[in-house]
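Summary of the model geometry
Each chain is listed here by its residues.
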Amino acid sequence: MMDKLKKEIPFLWKAEPKEQRHPFTREDLEKAKAFMESFRPFLMEVFPETKETQGMITSEMRALPEMEKALSLPKGKLFAKFDNMLPVAGSIKARGGFYEVLHHAKTLAEEEGFYQNDPLQLLKHRDFFASKEIEVASTGNLGLSIGIISATIGFKVTVHMSRDAKEWKKELLREKGAQVIEYAGDYSAAVEAAREASKEKGSYFVDDEQSPYLFMGYALAAYEVIEQLETLGIEKEDLHVYLPCGVGGAPGGIAYGLSILLPKAKVYFAEPTKAPAVLLGMLTEKHDQISVGDIGLSGKTLADGLAVGKASSLVGPLMEGRIQGIYTIEDETMLSYVKTLYETEGIKVEPSACAGFLGPHFVQEDGVHLAWLTGGRLVPEEIFQSYLEEDRAE
Ligand SMILES: Cc1ncc(COP(=O)(O)O)c(C=O)c1O
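Basis of the calculations
- Residues numbered from 1 in each chain as written.
- Predicted model: local features only at pLDDT ≥ 70, side-chain atom pairs only at ≥ 80, totals over all residues.
- Heavy atoms only, no water.
- Phe/Tyr/Trp six-rings, centres within 6.5 Å; stacked < 30°, edge-to-face > 60°.
- Helix = DSSP H or I, 4+ residues; strand = E, 2+ residues; numbered from the N terminus.
- Buried < 20%, exposed > 50% of the residue type's maximum accessible area, 1.4 Å probe, protein only.
- Lys NZ or Arg CZ within 6 Å of the ring centre and 35° of its normal.
- Domains from an automatic or database assignment.
- Contact = heavy atoms within 4.5 Å.
- Buried area = accessible area lost by both parts, 1.4 Å probe.
- Polar contact = N/O pair within 3.5 Å; in protein donor to acceptor, adjacent residues only side chain to side chain.
- Near = heavy atom within 4 Å.
- Nonpolar A, V, L, I, M, F, W, Y, C, P; charged D, E, K, R; others polar.

Applying the stated criterion across every chain yields a total of 17 aromatic pairs. Judged by centre distance (5.6 Å) and plane angle (85°), the ring pair of Phe-24 and Tyr-256 falls under edge-to-face. With a gap of 232 residues between them, Phe-24 in the loop between strand 1 (12–14) and helix 2 (26–38) and Tyr-256 in helix 12 (residues 249–261) connect regions that are remote in the sequence. In this structure, Phe-24 and Tyr-256 share a single accessibility class: buried. On the numbers, 4.7 Å between centres and 15° between planes, the contact of Phe-35 with Phe-39 is stacked. Residue classification places Phe-35 among the buried positions, given a relative accessible area of 8%. Phe-39 gets classed as buried once you look at its relative accessible area, which sits at 0%. Site record: aromatic cluster; members linked through ring pairs are Phe-35, Phe-39, Phe-42, Tyr-99 and Tyr-213. Just above the ring of Tyr-223 sits the side chain of Lys-33; from NZ or CZ to the centre is 4.9 Å.

This next bit is on the domain arrangement of the protein chain. Splitting the protein chain by domain gives domain 1 (2–23 + 58–90 + 219–393) and domain 2 (94–214). Each of domain 1 and domain 2 has a C-alpha centre, and these two points are 25 Å apart. On the domain 2 side, the residues contacting the 29 residues of domain 1 number 21 residues. For the pair domain 1 and domain 2, the summed buried area comes to about 2,000 Å², and 57% of that belongs to carbon and sulfur atoms. The largest contributions to the domain 1 side of the interface with domain 2 come from Ala-89, Asp-304 and Leu-378, which together make up 23% of the buried area. Along the contact surface separating domain 1 from domain 2 lie 8 residue pairs in polar contact (both at pLDDT 80 or more).

Around the ligand, the surrounding shell holds 17 residues, and the nearest of these are Lys-93, Asn-141, Gly-246, Gly-248 and Thr-374. Between an oxygen atom of the ligand and a main-chain N or O atom of Val-247, the distance comes to 3.0 Å. Contacts to the ligand include Gly-248, whose backbone N or O atom sits 2.7 Å from an oxygen atom. Considering only residue class, the shell around the ligand consists of 7 nonpolar, 9 polar and 1 charged.

Here you go:
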């Protein structure tokens with residue numbers, strides 16, 4: 001297997017059954033859910049587009065019959081979870097990012113004594129929040145999530161972007177009022193620099209590699225899955241879930257949430273052949289102590305959201321006994337899925353978001369195959385067109 005990793009050959013690694021660790025409970029999940037429920041009026045007030053979902057950061061699930069045909073799905077039915085359309089931040093990083101920053105704002109307001117159980121009161125204290133700083137490192141989409149919600153509340157926010165972050169994501173963040181610092185190094189280097197800068201300034205650091213708030217926020221998607229399977233009348237079918245994976249925070253949180261609320265779900269992660277950080281960590285059991293560079297891989301992939309060299313320290317050990325496996329996928333395959341998905345279903349996503357579609361070819365079983373579309377709503381039209389053209393050049 002290590003040979004396939006080094007040679008960048010796509011393959012499925014099947015995880016050994018192992019005992020699960022339980023640092024988070026159903027109660028932690030319920031708490032996060034109740035928190036986000038209480039902030040629905042706030043979100044509808046500051047982001048009118050969330051009125052459509054009654055202030056919930058939630059996405060649709062539905063079948064993709066045309067894509068299913070185009071992929072010649074070996075078995076079962078193809079469905080997608082549309083996190084590419086999540087309100088405001090347009091990616092899988094929205095649920096966790098919003099939960100963490102809103103929770104931080106509420107905690108500060110309580111400490112300051114101006115919070116009396118009404119989230120809308122936060123809006124009257126922009127001057128206070130402007131004196132507080134939030135810092136985050138990102139390959140792009142976490143930065144958008146944290147940057148947008150923080151700036152909306154009034155926080156001073158700095159986003160440390162790795163070399164793989166796209167120019168349009170940086171521009172959009174600056175437009176929203178965030179400060180963007182760019183790094184020539186990879187994601188791990190940006191995280192280290194951000195952590196140091198934050199320590200020096202005494203700012204609040206949103207740590208995608210360790211934060212329990214981000215993790216529980218991501219996990220909330222599991223509630224949506226259960227409800228939507230029932231609405232679609234497919235709750236009795238076997239369920240295979242395919243999640244594109246970078247450091248592992250977002251897919252890890254969702255896998256964790258599903259393991260509590262819907263243990264029958266079989267979860268797989270998908271990583272680029274050029275940056276299989278979580279797979280390498282789990283395979284060697286070294287988790288965040290090994291980098292893809294250590295086995296000669298560049299970590300450079302056009303799936304910018306997944307362009308990380310090292311796994312989150314939180315996630316690797318927590319995925320033991322919780323996921324069925326991890327597979328790798330080539331950049332060209334993701335690009336071809338971007339194009340096919342657009343041509344068959346008219347859906348626009350970014351390359352990282354497509355990695356789930358290879359899953360059913362490795363897992364040839366009956367049931368529902370749920371490809372998690374993880375980002376794309378904010379991609380500018382000309383950038384999306386360039387993805388289509390890149391594929392044509394292959
Ligand atoms: C579009 C997209 N998909 C998937 C992921 C994976 O999330 P994580 O890095 O938490 O594994 C990201 C991360 O930014 C992303 O932007």
